[in-house]
Structures are given as C-alpha cells and as structure tokens.
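Letter by letter, the chains look like this.
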Amino acid sequence: MVNISVLVSGGGTNLQALIDKIQGGELEGARIVQVIASREGVYALERAAKAGIKGKVVKETGRLLQELAEAETDLVVLAGYMKVLEPAVIDAYRKRIINIHPSLIPKYCGKGFYGKRVHQAVLDGGESVSGATVHFVDEGVDTGEIILQREVPVKPGDTADTLAARVLETEHVILAEGIKKVMAELPEKEGGNQWAE
Ligand code: GRF
C-alpha cells in the first residue's frame, strides 16, 4: 500500500477529488494517511475530517519531516499548497513529491503565479488553450520534471473565474492519473511488493 500525505493551504477540491477516487476504488494500492495544512482554518481540513482522515496544521520544516516520517509517507502530494518546501524536505523525498499547477508549464508558472493570477495571465496573453500540469517538486517553483499535462480550451468571454473553474475540473482528473503513473515507478518497499495488502 502506498501511503500518501496530502499538503494543502485552501479549499481542498483536489484533495476531495482524490478522496472520492480512492473511496470509489479508482486508485488501488493508495491510501491518504494524513492531510497537513500550512495554516489554520482551511476548508480542506474539514474535508479530511469528514472522510475520517487525520488532519493537522504544520508550519515548521522540522515538524513537517517528523510528521511525514511518523506516518510512513511514501508519496507527498501538494494539492493547493502555497508554501515553498525547504531543501531538507525535497532531499528526504526526492522524486516522491508531486504538485498540481493550473497551467501548461512552462507557461504561466513560477513565483507569483498562483490562484486567479494564473488564469488572468493566460487571458491577458491571448491564449486559446490553457490546462493543468502534474509535476515532481524540486528546489525551484514549478520547475520539477513534468509527469502529466492536459489541455483545456479558453472560450470567448472567459473570465479568470470561468477559466479557473474549467481548469479545476481537469485538475481533479489528472492529479489521480499522475499519482498512478508515479506509483507505477516507485521502488518496491522492504520485504516484497508494495501493492499487496
Ligand atoms: C488549484 O488550482 C491548484 O492547481 C493550485 O491551487 C488550487 C487549489 O485548489 N495549486 P483546491 O484547494 O484543491 O480547491
């Protein structure tokens, strides 16, 4: 079984999509062992509680590493996590931390590109296509190796809100697909095949 720790900072619709897919049997061999928020009062923690998943707020890197280790985390998933992870975390979970970003990286990503700003920049850029990207997390912001991308059309009359909503629907689909791809490449755990219960 692959133990996933999900890191969040907001409403948690990507977290909810993952919870629903795991409960629906669409992500076999994976379980969410905890949800870690970067700040108090985010709705993602309520979603975790409703699903019976441990949730906590962690702000310090040392404690984050401790919580990840204690939960025997195999894969760290950033789902709307707004903090930049310290190198110590990247090193400890190299190629086992993934993020979802609401644009077609390398376009409209990096420092300052988050939330509605991304979609407004896509519109200001006159793009006819946008999309979402699942990628590994390295020491840079949105610079890690791309795992999976999916295009989303920009429609006439789109606002940052309408485009964000359309891209989010796609995010909810490709995050689980990206996790499946990474799970297929994760090395076996001690003592045999990790997928067997
Ligand atoms: C998503 O658009 C994600 O790509 C970005 O932050 C947003 C979070 O949405 N990093 P939610 O909290 O999962 O609803």
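Sequence order as written defines residue numbering, which begins from 1 separately in each chain. This being a predicted model, a pLDDT of at least 70 is required before a residue's local features are given, and a value of 80 or more before pairs of side-chain atoms are given or counted; all residues contribute to the totals for chains, interfaces and linings. To obtain the side-chain values, all non-hydrogen atoms of the structure were included, while hydrogens and water were left out.

### Some thoughts on the UniProt feature "active site" (unreviewed entry) in the protein chain
Phase 1: UniProt positions are given in the numbering used here, feature names are shortened, and annotations may be inferred rather than shown by experiment. The feature "active site" (unreviewed entry), as annotated in UniProt, sits at His-101 in this numbering.
Phase 2: Contacts are assigned to residue pairs with any non-hydrogen atoms lying within 4.5 Å of each other. Aside from chain neighbours lying at most four places away, what touches His-101 is Tyr-108, Cys-109, Phe-113, Val-118, Ala-132, Thr-133, His-135 and Asp-142.
Phase 3: By the criterion applied in these results, polar contacts are pairs of N or O atoms within 3.5 Å in which, for protein atoms, one can donate a hydrogen and the other can accept it, and in which residues neighboring in sequence qualify only through two side-chain atoms. Looking at His-101, its side chain comes within polar contact range of the main-chain oxygen of Tyr-108, at 2.8 Å.

### Some remarks on the packing of aromatic side chains
Phase 1: Aromatic pairs are defined between Phe, Tyr and Trp rings, using the six-membered ring for Trp, whenever the two ring centres lie within 6.5 Å; interplanar angles under 30 degrees are classed as stacked, those over 60 as edge-to-face, and all others as tilted. Enumeration over the complete set of coordinates arrives at 1 aromatic pair.
Phase 2: We note Lys-95 situated over the ring of Phe-136; from NZ or CZ to the ring centre the distance is 4.8 Å. The rule is short: NZ of Lys or CZ of Arg within 6 Å of the ring centre and within 35 degrees of the ring normal puts a charge over the ring.

### Here we look at helix α6 (residues 160–185)
Phase 1: Helix length check: α6, at 26 residues, gives a terminal C-alpha distance of 36 Å against a target of 38 Å (1.5 Å per residue), a fit within 8%.
Phase 2: Along α6, the helix axis deviates most sharply at His-172, where the bend reaches about 25°. Going along the chain from the N terminus, every DSSP run of H or I of four or more residues is numbered as a helix, and every run of E of two or more is numbered as a strand. In a helix, the anticipated span is given by 1.5 Å times the number of residues less one. The angle separating two fitted axes, one through the seven residues that finish at a residue and one through the seven that start at it, defines the bend at that residue.

### Side note on the pattern of salt bridges
Phase 1: Salt bridge criterion: a side-chain nitrogen from Lys or Arg within 4 Å of a carboxyl oxygen from Asp or Glu. For the structure on display, the rule yields 11 salt bridges.
Phase 2: Where Glu-139 meets Arg-94, a salt bridge forms, and the shortest distance between an N and an O atom there is 2.7 Å. Here Arg-94 lies in the loop between α4 (87–92) and β5 (97–101) and Glu-139 lies in the loop between β6 (129–136) and β7 (146–153), a separation of 45 residues in the sequence.
Phase 3: For every residue, the accessible area (1.4 Å probe, protein chains only) is compared with the maximum for its type, and the residue is labelled buried under 20%, exposed over 50%, or partly exposed between those bounds. For Glu-139, a relative accessible area of 42% translates into the label partly exposed.
Phase 4: The class for Arg-94 is partly exposed, based on a relative accessible area of 40%.

### Some remarks on the UniProt feature "site: Raises pKa of active site His" (unreviewed entry) in the protein chain
Phase 1: Residues annotated in UniProt with the feature "site: Raises pKa of active site His" (unreviewed entry) correspond here to Asp-142.
Phase 2: The buried category is assigned to Asp-142, whose relative accessible area is 12%.
Phase 3: Those residues in contact with Asp-142 that sit more than four places away from it in its chain are Asn-99, His-101, Ile-105, Cys-109, Gly-110, Phe-113 and His-135.

### Topic: the sheet that holds strand β2 (residues 30–37)
Phase 1: Paired strands, in this sense, are two strands between which DSSP finds at least two bridges. Pairing is mixed in the open sheet, where 7 strands are placed in the order β3-β2-β1-β4-β5-β6-β7. Edge positions in the sheet fall to β3 (55–57) and β7, since each has one partner strand and no second. Each neighbouring strand pair of the sheet contributes to a mean axis angle of 20°, computed without reference to strand direction.
Phase 2: Set on the sheet, helix α1 (residues 13–23) makes contact with β1 (2–8), β2, β4 (75–78) and β5; between it and β2 the angle comes to about 160°. Angles shown run from 0 to 180 degrees and are taken between the N-to-C directions of axes, each axis being a line fitted to C-alpha atoms and, for helices, limited to the stretch in contact.

### Considerations on the site of the ligand
Phase 1: In the region of the ligand, the neighbouring residues are Gly-11, Gly-12, Thr-13, Asn-14, Gly-80, Ile-100, His-101, Pro-102, Leu-168 and Glu-171.
Phase 2: Here Glu-171 contributes a side-chain N or O atom positioned 2.5 Å from an oxygen atom of the ligand.
Phase 3: Here the shell around the ligand is composed, by residue class, of 3 nonpolar, 6 polar and 1 charged. By convention in this text, a residue qualifies as near a molecule or strand provided that one of its non-hydrogen atoms is within 4 Å of it. Charged means Asp, Glu, Lys or Arg here, nonpolar means Ala, Val, Leu, Ile, Met, Phe, Trp, Tyr, Cys or Pro, and polar covers whatever is left, Gly included.

### What to know about the pairing of β4
Phase 1: What you see with β4 is no split at all: Leu-75 and Val-77 on one side and Val-76 and Leu-78 on the other are buried throughout.
Phase 2: Here β1 runs beside β4; their pairing, made up of 4 bridges, is parallel. In the sheet register, Leu-7 faces β4, and the bridge partner there is Leu-78.
Phase 3: When β4 meets β5, the two strands line up parallel, connected through 3 bridges. The partner of Val-76 across the bridge, within β5, is Ile-97.
Phase 4: A clockwise course of the path from the first strand over the helix to the second, judged with the strands pointing away from the viewer, identifies a crossover as right-handed. With α4 bridging β4 and its parallel neighbour β5, the resulting β-α-β unit is right-handed.

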